[in-house]
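# Examining the three-dimensional arrangement
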Amino acid sequence: MADKQPKEDPVNKVKSMARNLLDNIFDDLMENNVLNGAELQRLGDGVNLLVKGTENLAENLAEKSQMASKIFMERLFKEQLSLDSHTENENDESENNESSSSSTESNDESEENSDEEKAESAMALALPPPAPQEIQASETNHELKLCSYDYFHRMKTTKADEIYPVMEQKGRTRLALIICNKEFKHLSYREGSKVDLKGMKELLENLGYSVVVKEDITALEMEAVLWEFAARPEHQSSDSTILVFMSHGTLEGICGTLHQKQKPDILHDDTIFQIFNNRNCQYLRDKPKVIIMQACRGKGTGATWVADTEGASACRYDHTFQCCFWSDAVTKTHVEKDFIAFKSSTPHNISWRTGTFGSLFISQLIYHLKEYSWCYHLEEVFRKVQHSFENVEVLAQMPTIERVSMTRYFYLFPGI
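Parameters at a glance
Residues numbered from 1 in each chain as written. Predicted model: local features only at pLDDT ≥ 70, side-chain atom pairs only at ≥ 80, totals over all residues. Heavy atoms only, no water. Patch = residues over 30% accessible without salt bridge, like charges linked within 9 Å, V, L, I, M, F, W, Y side chains within 5 Å. Areas by Shrake-Rupley, 256 points an atom, 1.4 Å probe, with all protein chains shown as cover. Salt bridge = Lys/Arg side-chain N within 4 Å of Asp/Glu carboxyl O. Lys, Arg positive; Asp, Glu negative; His and termini not counted. Charge placed at Lys NZ, Arg CZ, Asp CG, Glu CD. Helix = DSSP H or I, 4+ residues; strand = E, 2+ residues; numbered from the N terminus. Pairing = 2+ DSSP bridges. Contact = heavy atoms within 4.5 Å. Axes fitted to C-alpha atoms, helices over the stretch in contact; angles between N-to-C directions. Buried < 20%, exposed > 50% of the residue type's maximum accessible area, 1.4 Å probe, protein only. Core = buried A, V, L, I, M, F, W, Y, C linked by side-chain atoms within 4.5 Å. Phe/Tyr/Trp six-rings, centres within 6.5 Å; stacked < 30°, edge-to-face > 60°.

### With respect to a negative patch on the surface
Taken together, the side chains of D23, D27, D28 and E31 present a region of like negative charge at the surface. When you line up the elements, D28 lands in helix α1 (residues 10–31).

### Some details on the sheet that holds strand β5 (residues 249–250)
The strand order β5-β6-β7 describes an open sheet built from three strands, whose pairing is antiparallel. The strands lining the two open edges of the sheet, one partner per strand, are β5 and β7 (266–268). Here two bridges tie β5 to strand β6 (residues 253–255), and the two strands are oriented antiparallel to one another. Its bridge partner lying in β6, G249 is registered against I254. The strands touched by helix α10 (residues 219–230) within the sheet are β6 and β7, with β7 carrying the most contacts at an inclination of about 40°.

### Quick word on the pattern of salt bridges
Side chains that differ in charge, positive against negative, can pair when their charged atoms come close. Summed over the entire model, instances satisfying the criterion amount to 17 salt bridges. E202 is the partner of K198 in a salt bridge, and the nearest nitrogen-oxygen pair spans 2.9 Å. Residue K198 and its partner E202 are both found in helix α9 (residues 193–206); the two are separated by four residues, about one turn of the helix. The exposure class of K198 is exposed, given its relative accessible area of 53%.

### Let's talk about the sheet that holds strand β2 (residues 175–180)
An order of β3-β2-β4-β8-β12-β16 is seen for the six strands of this open sheet, with the pairing classed as mixed. Both outer strands of the open sheet, β3 (210–215) and β16 (400–402), are each paired with one neighbouring strand and no more. Recorded for the sheet is a direction-independent mean angle of 15° between the axes of neighbouring strands. Taken together, the six bridges between strand β4 (residues 241–246) and strand β8 (residues 289–294) define a ladder with parallel strand orientation. Counted as the bridge partner of M246 is Q294 from β8. The strands touched by α9 within the sheet are β2, β3, β4 and β8, with β2 carrying the most contacts at an inclination of about 180°. Sitting on the sheet, α10 is in contact with β2, β3 and β4, with an inclination near 175° to β2.

### Observations concerning the nonpolar core
Counting 36 residues, the largest nonpolar core has I178, M200, L204, V290 and I292 as the members making the most contacts within it. Going through the elements one at a time, β2, α9, β4, β8, β12 (339–343), α12 (360–372) and α13 (378–388) are the ones with two or more residues in this core. The element that contributes the greatest number of residues to this core is α12, accounting for six residues. With sequence-adjacent residues up to four places away left out, L204 is seen in contact with A176, I178, Y209, V211, I242 and V244.

### Topic: the packing of aromatic side chains
Two descriptors summarise a pair of aromatic rings, namely the distance from one centre to the other and the angle between the planes of the rings. This structure, assessed with the given rule, holds ten aromatic pairs. Judged by centre distance (4.8 Å) and plane angle (50°), the rings of F273 and F339 are tilted. Note that F273 is positioned in helix α11 (residues 269–275) and F339 in strand β12, a separation of 66 residues in sequence. Accessibility assignment for this pair places F273 and F339 in one class, buried. Taken together, a centroid distance of 4.1 Å and an interplanar angle of 15° make the contact between F342 and F382 stacked.

Right, dumping it as structure tokens:
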């Protein structure tokens, strides 16, 4: 086998190129009688200075390549990140001036689309790289880890009073619903949403759910879909359900496809909880109901500057359970129970999304469910997702676990 030729040192290569370039230039000048020998001699000092300067430049760039790379990537990240936001002032046009209205809406949407188109490679930089889970989050071949039957049986018998009952696959009819709005009449197209939809659908199917997908619908249509889904008889022989919403959003809820500032098209959180509460969806009574929302909840960045001292006390919001009686006047139950909602950001703040890799929240959620749902209960998996967003050196986004009324731990036990 022939010996491989050693690769040329890039610094020496730059030096050689500089020398050859100058040699060729001065050869041409001599051949064309532009310079004579005496004139060339007088330029010798300047030529030497130029060559040495080129060599020093090459060496300096080589020594500082790491810093240059860091600066380049940080600048690229800042330029390419996009927001999963409908930009509330996008439709701030005057109803009395139709021409001005069209121009304003077009310009605002064009500006937002331009931001989103710059997001092609931002996912690789979105979260700090040292942790393996952040690197693996975007790997398409990352497989769901399955739970062994021995572990499932041990948990089922030793912690029966602490965990929700989980049915085995035979005879089980789990259902999940995904509502994904990508195209809007007045708002920008949600680049990357197809990636989120594909990833979530595959994950839920691997977790044993039959997945119903609805795309590009209004708030009224979303409500109708939810009522229809809540009435499905399959819930009676299921142990849980998962609802996933991916759309533009506001603090008030999820945007339908007709949303604009003057005429809101919003599916409110309360509507979702009411449709699936114990009064309206008895098939899912005492069963986990998981709500996942990927949408902005405002325009804030979610970051602030703080001193390394005690800060202001945090505000906490509690929900009081209500009670109702069934029509037979024998049993009593909580109206709202066994819910957990996991949202992509804190109230008033934005959610980050890229055109190629989808949203950070959904990507991290998929990774952590694949990695940990075989041995951790769902709320703990959600906390692991939150932990992956703790570093705010690059961006700030903090998913929130809200409106929790679960009385037990919910294990998915994939593979069972």
